[in-house]
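Chain residues, written in single-letter form:
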Amino acid sequence: MKKLLFLVLIAGSLRAQELKYTVDLRNYRIQVALETTVTEEPYQDLEIPAWSPGYCQIMDFGKQVRHFEAKGTQGDALRTVKFGNNRWRVYTGKNSAIKVSYEVEAKRNFVGTAFIDSTRAFLKPAAVFLHLQGNLSTPARVEILAPKAWTRIATGLDAAENKEHILRAPDMDALYD
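Please read these numbers as outputs of a predicted model, since none were measured by experiment.

Let's shift gears to the sheet that holds strand S6 (residues 87-91). The strand order across the open sheet formed by four strands is S5-S6-S3-S10, and the pairing between neighbours is antiparallel. Whereas interior strands pair on both sides, the edge strands pair on one side only; in this sheet they are strand S5 (80-83) and strand S10 (131-132).

A few words on the sheet that holds strand S11 (residues 140-145). Spatially, seven strands are ordered S4-S7-S2-S1-S11-S13-S12 in an open sheet, and the strand pairing comes out mixed. The outermost strands of the open sheet, each flanked by one partner alone, are strand S4 (65-71) and strand S12 (158-160). The mean angle between the axes of side-by-side strands here comes to 25°, regardless of whether they run parallel or antiparallel. Relative to strand S2 (residues 30-37), strand S1 (residues 19-24) is paired through five bridges, and the arrangement is antiparallel. Directly across from Lys 20, in S2, lies its bridge partner Glu 35.

Before going further, it helps to spend a moment on the packing of aromatic side chains. Across all of its chains, the model carries five aromatic pairs by this definition. The interplanar angle of 15° and the centroid separation of 5.1 Å between the aromatic rings of Phe 68 and Trp 88 together place this pair among those described as stacked. Here Phe 68 is found in strand S4, whereas its partner Trp 88 is found in strand S6, with 20 residues between them in sequence. An identical accessibility class is assigned to Phe 68 and Trp 88; each is buried. A connected cluster of aromatic rings, assembled from ring pairs, spans Phe 68, Trp 88 and Tyr 102. It is Arg 87 that lies over the ring of Phe 83; its NZ or CZ is 4.8 Å from the centre. Across from the ring centre of Tyr 43, 3.8 Å away, lies the NZ or CZ of Arg 89, which sits over that ring.

This part covers the nonpolar core. One finds Tyr 21, Ile 30 and Val 100 to be the most contacted residues of the largest nonpolar core, which totals 41 residues. It is strand S7 (residues 97-104) that provides the largest number of residues to this core, a total of four residues. Aside from chain neighbours lying at most four places away, what touches Ile 30 is Val 23, Asp 24, Leu 25, Tyr 102, Glu 103, Val 104, Ala 106, Ala 114, Phe 115, Ile 116, Leu 123 and Val 128.

Considering the arrangement of structural elements, one finds Tyr 28 in the loop between S1 and S2. The spacing of Tyr 28 and Ala 146 is 118 residues in sequence and 8.6 Å in space, taken between C-alpha atoms.

Once that is clear, we can look at the pattern of salt bridges. The final tally for this structure, using the stated rule, is nine salt bridges. A salt bridge links Asp 45 to Arg 87; the nearest nitrogen and oxygen atoms lie 3.2 Å apart. Residue Asp 45 is found in strand S3 (residues 43-47), and its partner Arg 87 is found in strand S6; the two are separated by 42 residues along the sequence. One salt bridge connects Arg 89 with Asp 45, and the closest N-O pair in it is separated by 2.7 Å. Linking Arg 89 in strand S6 with Asp 45 in strand S3, this pair joins segments that are 44 residues apart in sequence. We classify Arg 89 as buried; its relative accessible area is 15%. Bridged by salt links that share partners, the residues Asp 45, Arg 87 and Arg 89 form one connected network.

This next bit is on the environment of Leu 123. Counting through the fold element by element, Leu 123 comes out in the loop between strand S9 (121-122) and helix H2 (125-128). Sequence-wise, Leu 123 and Val 104 are 19 residues apart; in three dimensions their C-alpha atoms are separated by 9.9 Å. Apart from the residues lying within four places of it in its own chain, the contact partners of Leu 123 are Val 23, Leu 25, Ile 30, Val 128 and Ile 144.

For the rest of this paragraph, the subject is the pairing of S3. When you tally the buried positions in S3, you get four out of five residues, the bulk of the element. Where S3 and S6 come together, five bridges link them in antiparallel fashion. Across the sheet, residue Leu 46 finds its bridge partner in S6, namely Trp 88. As paired elements, S3 and S10 share two bridges and run antiparallel to each other.

Reading guide: rules and limits
Residues numbered from 1 in each chain as written. Predicted model: local features only at pLDDT ≥ 70, side-chain atom pairs only at ≥ 80, totals over all residues. Heavy atoms only, no water. Pairing = 2+ DSSP bridges. Helix = DSSP H or I, 4+ residues; strand = E, 2+ residues; numbered from the N terminus. Axes fitted to C-alpha atoms, helices over the stretch in contact; angles between N-to-C directions. Phe/Tyr/Trp six-rings, centres within 6.5 Å; stacked < 30°, edge-to-face > 60°. Buried < 20%, exposed > 50% of the residue type's maximum accessible area, 1.4 Å probe, protein only. Lys NZ or Arg CZ within 6 Å of the ring centre and 35° of its normal. Core = buried A, V, L, I, M, F, W, Y, C linked by side-chain atoms within 4.5 Å. Contact = heavy atoms within 4.5 Å. Salt bridge = Lys/Arg side-chain N within 4 Å of Asp/Glu carboxyl O.

All we've got here are geometric facts, nothing functional implied.
Here you go:
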């Protein structure tokens, strides 16, 4: 009986992890919110690629990330530290989940980067979405909040929940590609 109880407790403590992104374009800026559960470690490292699939050049997308903030489950501000150009450490405390928000500078109209103006947005996934460091196998859900005048989303991702503005990727490789 003790062995069975132990196994049930372990199984009950495992949580499916998913990266839930909300991308708000309504102010003609790329504002990203990321929500995810976290492990019991004292911190969680997040990173953004320095490269992009199909484009053989280091782009250092982390240099375009601005206003990086993290909050715990009760809305409390969490301490963050940036390492190098593309990695952030979020000290999670006793939180079981975190919400990270940041803005992506996207003024250069170029296929290798993200771009937004009053008529359209190009969301280069590697330039927009942070992931858990060392873990590209995490599934992702992306919700796009676009200006009302923008009526279409073009993407290779599958729509989720029968809504074209909510997208799913089985892992970060699929999202970035």
